[in-house]
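# Survey of secondary and tertiary structure
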Amino acid sequence: MKALPHRLERTLIICAARETAFRYFTDDARWARWWGAGSTIDPTPGGRVRIRYPDGTEAAGEVIEVSAPERIVFTFGYLTGKVIPPGGSRVTIHLQANEEGTRLHLLHEFADAAARDHHVQGWRYQLSLFGNVVSDEVNAGAAERVDEWFAAWTVTDDSERAALLARSVSSDVRFRDRFSAVDGLSELAPHISAARHFMPGIRLERRGNVRHCQGTVLADWVAVGNDGQQRMSGTNVFTLRLDGRIGSVVGFWN
């Protein structure tokens, strides 16, 4: 490979453990979920890298180095088009654990500046996709956590409510809405109990599918009385922690 003096670098914070994120460099199904159907990777030195973009463009390379769950290096070039020939550039992806999950650092080295500039938006887009597919896997149980949150406001048994909350929210959960400014599970539990006292018979229900993006979840809800009639409605914004539990909730009432 000739000299590669031109560098493109990007960083991204992913709300996932780096062991989870690294699986997308070592598993064909996950690699294809990121890049597109038909993409494959052999995660061993000398192994083949194949990328098939949704528009039919194909790229390929060879794995140079793999150090799980921290680092992967591979060559990159196109089988179609003439931007970069096969083996004509080198990609290094480094994952570092941090308090938010994982810090991804990308270094793509090129032989010429024009090729580098051509890939700036491409990597901006592809790493955005990467953050989403990893987060979608980590938070596959988002709807269940949201439903447990609403159920906790409905059940009348204190021990059952405590079990729901322990499973679905973090101990330092933060909750804000028009009637709530609560910090911590130790405040949230009695706050819900008081709501049950002053609004007896009210049942909270999620309406429609949750919408998830990189650890933030939107869920519409309604409050229904014993007669089955809707009393209130709104939308909650949930943020999820690395373990999948709810870290904060902001409620908006219609």
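See the structure printed just above.
Residues numbered from 1 in each chain as written. Predicted model: local features only at pLDDT ≥ 70, side-chain atom pairs only at ≥ 80, totals over all residues. Heavy atoms only, no water.

### Quick word on the overall build of the protein chain
Within the protein chain, the regular secondary structure consists of seven helices and 13 strands. In terms of overall size, the protein chain is more extended than a compact globule, its C-alpha atoms giving a radius of gyration of 23 Å where 254 residues would be expected to give roughly 18 Å. Projected onto its principal axes, the C-alpha positions of the protein chain cover 75 × 30 × 30 Å. For the protein chain, the residues scored as buried account for 44% of the 254 residues in total. Working note: accessible area of the protein chain is about 12,400 Å², and carbon and sulfur atoms make up 51% of it. (Helix = DSSP H or I, 4+ residues; strand = E, 2+ residues; numbered from the N terminus. Rg over C-alpha atoms; globule rule 2.2 N^0.38 Å. Buried < 20%, exposed > 50% of the residue type's maximum accessible area, 1.4 Å probe, protein only. Areas by Shrake-Rupley, 256 points an atom, 1.4 Å probe, with all protein chains shown as cover.)

### Some words on the packing of helix α5 (residues 142–152) against helix α6 (residues 158–168)
One can describe the packing of α5 onto α6 by two numbers: an axis separation of 9 Å at closest approach and a directional angle of 150°. The orientation of α5 with respect to α6, classified from their angle, is roughly antiparallel. Considering the relative orientation of α5 and α6, their crossing is left-handed. Contacts between α5 and α6 involve Arg145, Glu148, Trp149, Ala151 and Ala152 from the first element and Arg161, Leu164, Leu165, Arg167 and Ser168 from the second. Residues of the contact of α5 with α6, tallied by class, amount to five nonpolar, one polar and four charged. (Axes fitted to C-alpha atoms, helices over the stretch in contact; angles between N-to-C directions. Parallel < 35°, antiparallel > 145°, perpendicular 65-115°, else oblique. Left-handed = near helix turned anticlockwise from the far one by under 90°. Contact = heavy atoms within 4.5 Å. Nonpolar A, V, L, I, M, F, W, Y, C, P; charged D, E, K, R; others polar.)

Note that all results are geometric; they support no functional claim without further evidence.
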